[in-house]
Amino acid sequence: MNEILILAAPDLLEQRTRWLESLGNERRLSANTLTAYERDTRQFLQFLTGHLGGPARLADLHTLRTADLRAFLAQRRRDGSGSRSLGRHLAGLRSFLRYLERKGLVNAAAAGAIRAPRQPKSLPKPLTDRQALEVVSKQAQMHEEPWIAARDCAVLTLLYGCGLRISEALGLTPVDVPENATALRVLGKGGKTRLVPLLPSVLQAIQHYMSLCPYPLAEAQPLFRGARGGPLQPAIIQREMQKLRSALGLPDNATPHALRHSFATHLLAGGGDLRTIQELLGHASLSTTQVYTGVDSARLLDVYDRAHPRA
């Protein structure tokens, strides 16, 4: 902090301290985010000192140009920051400048006019076949209440067996799953509906839960219920998945959404074509589905490296 006192005017430092306090007290940002935003704005003030030839003042931020922000990001990139770090630098600065703008101290237009660096697409992280099957097995469910264990099993089986998003699974009603159903009509993003084949094992898991559920399952009401009978919340399934990770020794990427990734990746590895997988997942664009070809290629290369005598 002593270094900052030299590099910036006292009124600017005071406003920065109040901004950081408001992030922690009012917006409840995590300690890690607060640390990152403190560092980002400190680095920016250090940059402005050299850029402007003197300690940064509130007046300097008021006349800040888009070119000044671009110059800062360019310097950070030269210092080794990647696209994700640059995006966070910009997010922290925007937050600070907008805080000052709300107080009538600066104009934050320059921060709003600059685009964040394009983020690299990371490959989805599916589970292996064995891991996915362990997660959806009846024996793996952790809850001591049989109907809740059956509910969790049914939801997780839907995610892996049908490739649903968790919101799509929890949006189902009993009328969506008739007794001899062979397909599900799923309401996806943007209000779009799609048909997804319903495997017998998935139907059995749902029907087993329905037979044990102690609450009346009216046709127009949510199929999956919480412990007190209300709609089941995604956080409950996410917590159960966290318990399963610990119990089964699964990696950190074993999340409910990873089961959807696993559905797509395992279909592709089994010979499924991209267009069909796109329809099953409800992707608006084929390019979104094509990311799974990278996952399958990475898996093949890993097998090659481990198994080929000359690898």
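Placed above this text is the structure.
The paragraphs below set out a description of the structure included in this document. Along each chain, numbering runs from 1 in the same order as the chain's sequence is written. Totals for whole chains, interfaces and linings use every residue, but because this is a predicted model, local features are given only for residues with pLDDT of at least 70 and side-chain atom pairs only at 80 or more, for both listing and counting. The side-chain numbers reported here are obtained from all heavy atoms of the structure, hydrogens and water having been left aside.

### Notes on the overall build of the chain
At step 1: In this description a helix means any DSSP run of H or I spanning at least four residues, a strand means any run of E spanning at least two, and both kinds are numbered starting from the N terminus. Within the chain, the secondary structure is distributed over 16 helices and 2 strands.
At step 2: Partly exposed describes any residue whose relative accessible area lies between the buried limit of under 20% and the exposed limit of over 50%, with all areas from a 1.4 Å probe on protein chains only and scaled to the type maximum. Put simply, the chain has 311 residues, and 43% of those count as buried.
At step 3: Contact criterion: two residues are considered in contact whenever any of their non-hydrogen atoms come within 4.5 Å of each other. Taking as baseline every contact in the chain between residues at least 6 positions apart, the subset at least 24 positions apart corresponds to 61%.
At step 4: Surface summary for the chain: the accessible area is close to 17000 Å², and the carbon and sulfur share equals 52%. Surface exposure here means Shrake-Rupley accessible area, sampled with a 1.4 Å probe, where a residue is shielded only by the protein chains that are shown.

### Some details on the packing of aromatic side chains
At step 1: In this scheme Phe, Tyr and Trp rings, the latter by its six-membered ring, pair at centre separations within 6.5 Å, and the angle between planes marks the pair as stacked below 30 degrees, edge-to-face above 60, and tilted otherwise. One pass over the full model with this rule turns up 8 aromatic pairs.
At step 2: An angle of 25° between the planes, with centres 6.3 Å apart, marks the rings of Phe 44 and Phe 47 as stacked. Linking Phe 44 with Phe 47, this pair stays in helix α3 (residues 31-52), spanning 3 residues, or about one helical turn.
At step 3: With a relative accessible area of 3%, Phe 44 lands in the buried category.
At step 4: Its relative accessible area of 8% is what places Phe 47 among the buried residues.

### Notes on the nonpolar core
At step 1: Nonpolar core, defined: a set of buried Ala, Val, Leu, Ile, Met, Phe, Trp, Tyr and Cys residues in which side-chain atoms within 4.5 Å join the residues together. Counting residues in each nonpolar core, the largest one holds 41 residues, and the members touching the most others are Leu 158 and Leu 164.
At step 2: When residues in this core are grouped by element, the largest group, 10 residues, is from helix α9 (residues 146-162).
At step 3: Residues Leu 13, Leu 20, Leu 23 and Ala 108 belong to the second largest nonpolar core, which totals 30 residues.

### Remarks on the pairing of strand β1 (residues 183-187)
At step 1: The alternating pattern of β1 places Leu 184 and Val 186 on a buried face, while none of Ala 183, Arg 185 and Leu 187, on the opposite face, is buried.
At step 2: Between β1 and strand β2 (residues 193-197), which pair antiparallel and follow one another directly, the connecting turn spans 5 residues, one of which, Gly 190, has a positive phi of 70°. The criterion for strand pairing is that DSSP finds at least two bridges linking the strands in question.

### As for the pattern of salt bridges
At step 1: For this document, the term salt bridge refers to a Lys or Arg side-chain nitrogen within 4 Å of an Asp or Glu carboxyl oxygen. Scanning the entire structure with this criterion turns up 12 salt bridges.
At step 2: In this structure, Glu 38 engages Arg 42 in a salt bridge whose closest nitrogen and oxygen atoms are separated by 2.8 Å. Of this pair, Glu 38 and Arg 42 both sit in helix α3, 4 residues apart, roughly one helical turn.
At step 3: We classify Arg 42 as partly exposed; its relative accessible area is 24%.
At step 4: Here Arg 65 makes a salt bridge to Asp 68, at a shortest N to O gap of 3.0 Å.
At step 5: Residue Asp 68 is classed as buried on the basis of its relative accessible area of 5%.
At step 6: What you see here is one network of salt bridges that share partners, running through Arg 16, Glu 38 and Arg 42.

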